[in-house]
Amino acid sequence: QRQMCIRDRIGSTAKMGAGTNVQRKLVAEHHLDIPWRPSDIEQREGRMIRQGNTNESVEVFRYVTENTFDAYMWQTIESKQKFISQIMTSKSPVRSCEDIDETALSYAEVKALATGNPYIKEKMDLEIDVSRLKLLKANYQSQKYAMEDKLLKHFPREVKRTEECIAGYKADIALYKQHKTEDFPGMVLCGMNYAEKKDAGIALIETCKAQTSPEPRVGSYRGFTLLLSYDTFGKTFQLTLKGTLSHTIELGSDIHGNIQRMENVLEVFPARLNACEQALTNLHIQIENAKAEMEKPFTQEDELKTKSARL
């Protein structure tokens, strides 16, 4: 016959807590008393529920005696665990429904069982449900207030900004078309007119080298005002083509490359206008969706009222 070896070990939390490695064959753990700290329970169960245990499942037993001091002890553990869970999750219980921690709830259930009164058990269950529903409602109201704020402030501001961008790009596209030519149209820098692309490219770099202050130097190109400045933070030279809107590029050391960058900025105006128009359409869709969300009631209001009244 095959013999089975069963080993029992009895110890205090201090003796059998952190640092004790007996987990390999543990299959059950029995809490004979209630400690003062939730961490003590965690340390006890951590001897068995941990990596290295060869058992796929284990059992935890918690013993309580009805109508005794056990109810107060479990209430103390429950209160401490609620506080610990709130701090560890960095959340406020009035803003998130996730703060009623599962560990804290299990302690509350054991406390209810220890009282021996079935109404206390029902009361505990109702308190848990009402707390959860209140937090869900608080989260619903918080989202509703945030949506109201967006409808009153954020969306009107974004719509106005986007409409201004659309109007600006339309005006700059018209200005570009008015001065668009197949050949190089010439460039004005610091009062000097440069008819050749090469000369303009060289003058652009020389003007950059002479720039010693962040104050911009003025010129013009294809109807747009040129503002040449030095970014002291990024240590780069920047060129802004200013029409109705301002379009900034970073300059390099290539005489032809810099002018090509300017042309590229002008050529993408239609694409940017299209992006702004699409953004405005999306904003109007978001506004309609937000208004629809504002009309939705809290779906668990009746359940909250019923359970609050019963509690």
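Data block above holds the structure.
Residue numbering note: each chain is counted from 1, following its sequence as written. For a predicted model such as this one, the threshold for reporting local features is a pLDDT of at least 70, and the threshold for listing and counting side-chain atom pairs is 80 or more; totals across whole chains, interfaces and linings nevertheless cover every residue. To obtain the side-chain values, all non-hydrogen atoms of the structure were included, while hydrogens and water were left out.

Is there a simple way to think about helix α5 (residues 118-179) in this case?
The α-helix winds at 3.6 residues per turn, so residues separated by three or four positions along the chain end up facing the same way. Numbered from the N terminus, helices here are DSSP runs of H or I no shorter than four residues, and strands are runs of E no shorter than two. To estimate how far a helix should extend, the number of its residues minus one is multiplied by 1.5 Å. Across its 62 residues, α5 extends 88 Å between first and last C-alpha, which sits within 8% of the 92 Å expected from 1.5 Å per residue. Fitting axes to the seven residues ending at a residue and to the seven starting there, one defines the bend at that residue as the angle between these axes. When the local axis directions of α5 are compared, the greatest deviation, roughly 45°, occurs at lysine 150.

What's the story with unusual backbone geometry in this structure? I'm lost.
Among all residues except glycine, the phi angle is most often negative; among peptide bonds, the trans geometry is most common. In this structure, cysteine 190 is a non-glycine residue whose phi angle is positive, near 55°. Note that cysteine 190 resides in the loop between β3 (187-189) and β4 (192-194). In this model, arginine 222 sits at a positive phi of 50°, which is unusual for a non-glycine residue. Looking at where arginine 222 falls in the secondary structure, it is placed in the loop between β5 (217-221) and β6 (224-231).

Could you clarify how one ought to interpret the pattern of salt bridges in this entry?
Oppositely charged side chains can pair when the atoms bearing their charge come close. Salt bridge, as applied in this entry: a Lys or Arg side-chain nitrogen positioned within 4 Å of an Asp or Glu carboxyl oxygen. With the rule as written, the count across this model stands at 15 salt bridges. Overlapping salt bridges, with partners in common, bring together Asp129, Arg132, Glu303 and Lys307 in one network.

Where do I start with the packing of aromatic side chains in this structure?
Within a pair of aromatic rings, the relevant descriptors are the distance that separates the centres and the angle that separates the planes. Classification of ring pairs rests on two measures: the distance between centres of Phe, Tyr or Trp rings, Trp counted by its six-membered ring, which must be within 6.5 Å, and the angle between planes, read as stacked under 30 degrees, edge-to-face over 60 and tilted in between. Throughout the structure, instances matching the rule amount to four aromatic pairs. Note on phenylalanine 184 and tyrosine 221: the rings are 6.0 Å apart at their centroids and 35° apart in plane angle, and the pair reads as tilted. With phenylalanine 184 in the loop between α5 and β3 and tyrosine 221 in strand β5, this residue pair connects regions lying 37 residues apart in the sequence. Only protein chains enter the accessibility calculation, which uses a 1.4 Å probe; a residue whose area is less than 20% of its type maximum is buried, one above 50% is exposed, and one in between is partly exposed. A residue is classified by how much of its surface remains accessible, and phenylalanine 184, at 18% relative accessible area, is buried. For tyrosine 221, a relative accessible area of 1% gives the class buried. Aromatic pair phenylalanine 224 and phenylalanine 269: ring centres 6.0 Å apart, planes at 55°, arrangement tilted. Remark: phenylalanine 269 occurs in helix α8 (residues 269-295) and phenylalanine 224 occurs in strand β6; sequence separation between them is 45 residues. Here phenylalanine 224 falls in the buried class, since its relative accessible area comes to 0%.

Note that all results are geometric; they support no functional claim without further evidence.
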